[in-house]
Amino acid sequence: MGADPALAALATACPAARPAQPGDAVAGVLPRFAASPATVAEASELLRAAAAHDLAVVPRGGGSKLGWGAPPRRCDLVVDTTALDQVLEHAAGDLVVRAQAGVSLARLGEVLAGAGQQLALDPPPCPAAANGAGSAWRGATAGGTLATGPTGTLATGATPSAAAAWRGATIGGTLATGAAGPRRLRYGTPRDLLIGITVVRADGTVARSGGKVVKNVAGYDLGKLFTGSFGTLGLIVEAVFRLHPRPASAAYVTVDCDGPDEAYWAVAAAAGSELAPSAIELDRPARDQPVRVAVLVEGDPDGTAERAGLTRTLLGKGAATQQSAPAWWGWPANGNGRSGTGRSGDQDPGAGQAGTLIRLGFWAAGLPQILRAVDAAALAAGLDPAVGGSAAAGVIYAAAGPAADPAAAAAFVSGLREALARGDGDARPASAPVPDGPPVLASAVVVHAPPRARDLIDLWGPVPSLSLMRAVKDQFDPGHRMAPGRFAGGI
């Protein structure tokens, strides 16, 4: 029997094309082929060959977040970007870096640290990493996670236990998933720091948007479209980011709060102060435990110490300062591996002991209502999830562990969304604009779920802009071959 003509065409375009192996599976779906282009030209020819043979393509960076999103409906070719591993330009004077999508966070951190600079993102680790399965992240690329630290150290806000969770993640993957962590409060999310992007469309066409100067606004903003698109619009191959100076020191002010109202007071007091915190995180391992709040301040040593003292005074009795991050800092819902009840042994291959992880977005002033909605929905479902995240930025996570019964996890998600639809988390300020249609008061997106739970859950929930998103998908990928089914509404 002769060689597979599709594989032969892929190999002509990219010498590193091969038959797929079990480790190439995406959310349990095994592709026919895998390829690792080493240049943008190779990536372009590879996607052109895939289009000629009607192959469905799923991009992959380090693979750290392949369990996020829905399984693809089709997966013929996995395109591994880790060979696109060059930091192309670092204009330190302009605080700008241009790098290929497969650059690892560790490598980017080494380059930037020499100039005392950073890419100020610290996205959360995947559920597997939160349970000690750091191996899932070791190959992640710069396209995957966008967090950098100095040579041999972690980014500010990361803890030693989190090292394996982010050091291998890539730029492309982080952009594709829109992952962001604690310091989003001060620096924003990946789309806020992205000023230029190069992508390969489904037909092999190379497209560029933006530039190397922070104020460049010319052209169609592909960056905002591709950030968070889960690979459904095309392949990210290069990105340009604005940078920030690395702070010389950091301090964390922590306090334990008795319940949702006290926790909200602490979060709001720190966020509304003139102390310019870089992040404000909370963590509650279980319903009957205190809510732990931590505030990060950064800067020069003298200024950091003074602001930490003022923050401690602001938060009152029980507040304390520490120089290193709390053990739970940066993990989405610390305790993901131990909360919940029910059956076990229901994990994605290679995903460790990951459970069901739900990201809630809301107006920050609605924190007490959101925490109560989580408790009510969880109690009705017979679960006791851990809760944590960037409270001041209006993003927290609820995590039911791998032992949670799949039906209970699905009931929890459903009950939570029903509460949000009723407006239980509505805390819009009076000055908020009146929406043209039904307002989006809050959202609950399932970031990850074990296969049996995932089969019972709409991972994305209601998406008011779905018709527009489908129109964009039709324009960029008319054949619906890029990561089909991975994104909201089956896009």
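Here the structure is a predicted model, which means the values were calculated and not measured.

(A) Local environment of the sheet that holds strand E3 (residues 57–60). Sheet architecture is open: four strands sit in the order E1-E2-E4-E3, paired in mixed fashion. Of all the strands in the sheet, the pair left with one neighbour each is strand E1 (17–19) and E3. Geometrically, the sheet is characterised by an average inter-axis angle of 25° between neighbouring strands, direction not taken into account. Across the sheet, helix H1 (residues 5–13) lies against E1, strand E2 (33–35) and strand E4 (77–80), angled at about 155° from E1, the strand it touches most.

(B) Broad picture of the packing of aromatic side chains. Inspection of every chain in the model, using the stated rule, returns six aromatic pairs. Relative to Phe 487, the ring of Phe 230 has its centre 5.8 Å away and its plane inclined at 20°; by these criteria the two rings are stacked. Of this pair, Phe 230 sits in the loop between helix H10 (222–226) and strand E10 (235–242) while Phe 487 sits in the segment after helix H16 (466–476), and the two are 257 residues apart along the sequence. A single burial state applies to Phe 230 and to Phe 487, both of which are buried.

(C) Looking closely at the packing of helix H11 (residues 260–271) against helix H13 (residues 367–381). Interhelical geometry of H11 versus H13 gives an angle of 145° and a closest axis separation of 8 Å. By crossing handedness, the relation of H11 to H13 is classed as right-handed. Facing H11, whose interface residues are Pro 260, Asp 261, Tyr 264 and Val 267, H13 presents Leu 367, Pro 368, Leu 371 and Arg 372. In terms of residue class, the contact of H11 with H13 is made up of six nonpolar, no polar and two charged.

(D) Local environment of the sheet that holds E10. One open sheet accounts for five strands, arranged E5-E6-E10-E8-E9; its pairing is antiparallel. On the outer flanks of this sheet lie strand E5 (87–91) and strand E9 (206–210), each paired with one strand and no other. Neighbour-to-neighbour, the strand axes of this sheet turn through a mean angle of 10°, independent of strand direction. With four bridges connecting them, E5 and strand E6 (residues 96–100) associate as antiparallel partners. Each bridged residue has a counterpart across the sheet, and for Ala 91 the counterpart in E6 is Val 96. Helix H2 (residues 40–52) rests against strand E8 (194–200), E9 and E10 of the sheet, and its axis sits at about 145° to E10. Against the sheet, helix H3 (residues 105–113) touches E5 and E6, its axis set at about 30° to E5.

(E) Inspection of helix H14 (residues 406–422) at higher detail. The terminal C-alpha atoms of H14, which comprises 17 residues, lie 25 Å apart, in line with the 24 Å expected from a rise of 1.5 Å per residue. The elements touched by buried residues of H14 are strand E16 (356–362), H13, strand E18 (395–400), strand E19 (442–448) and helix H15 (451–454). Capping the start of H14, Asp 405 holds a side-chain oxygen 2.9 Å from the backbone nitrogen of Ala 407, two or three residues further along. Looking one or two places after H14, you find Gly 423, whose phi comes out positive at around 95°.

(F) Focus on unusual backbone geometry. For Asp 54, which is not glycine, the phi dihedral falls at a positive 55°. Inspection of the secondary structure assignment puts Asp 54 in the loop between H2 and E3. By relative accessible area, which is 45% here, Asp 54 ends up partly exposed.

(G) Here's a closer look at the pattern of salt bridges. On inspection of all chains with the given rule, the structure shows 17 salt bridges. A salt bridge links Glu 45 to Arg 48, with the nearest nitrogen and oxygen atoms 3.6 Å apart. Note that Glu 45 and Arg 48 are positioned in helix H2 at a spacing of three residues, about one turn of the helix. Given a relative accessible area of 39%, Arg 48 falls into the partly exposed group. A salt bridge links Glu 298 to Arg 183, with the nearest nitrogen and oxygen atoms 3.4 Å apart. Placement of Glu 298 in strand E14 (residues 291–299) and of Arg 183 in the loop between helix H7 (171–177) and helix H8 (184–187) is noted, with a sequence separation of 115 residues between them. Counted as one network, the salt bridges with shared partners bring together Arg 18, Asp 24, Arg 60 and Asp 80.

Reading guide: rules and limits
Residues numbered from 1 in each chain as written. Predicted model: local features only at pLDDT ≥ 70, side-chain atom pairs only at ≥ 80, totals over all residues. Heavy atoms only, no water. Pairing = 2+ DSSP bridges. Helix = DSSP H or I, 4+ residues; strand = E, 2+ residues; numbered from the N terminus. Axes fitted to C-alpha atoms, helices over the stretch in contact; angles between N-to-C directions. Contact = heavy atoms within 4.5 Å. Phe/Tyr/Trp six-rings, centres within 6.5 Å; stacked < 30°, edge-to-face > 60°. Buried < 20%, exposed > 50% of the residue type's maximum accessible area, 1.4 Å probe, protein only. Left-handed = near helix turned anticlockwise from the far one by under 90°. Nonpolar A, V, L, I, M, F, W, Y, C, P; charged D, E, K, R; others polar. Expected span 1.5 Å × (residues − 1). Polar contact = N/O pair within 3.5 Å; in protein donor to acceptor, adjacent residues only side chain to side chain. Salt bridge = Lys/Arg side-chain N within 4 Å of Asp/Glu carboxyl O.

Shape descriptors only; they carry no functional weight alone.
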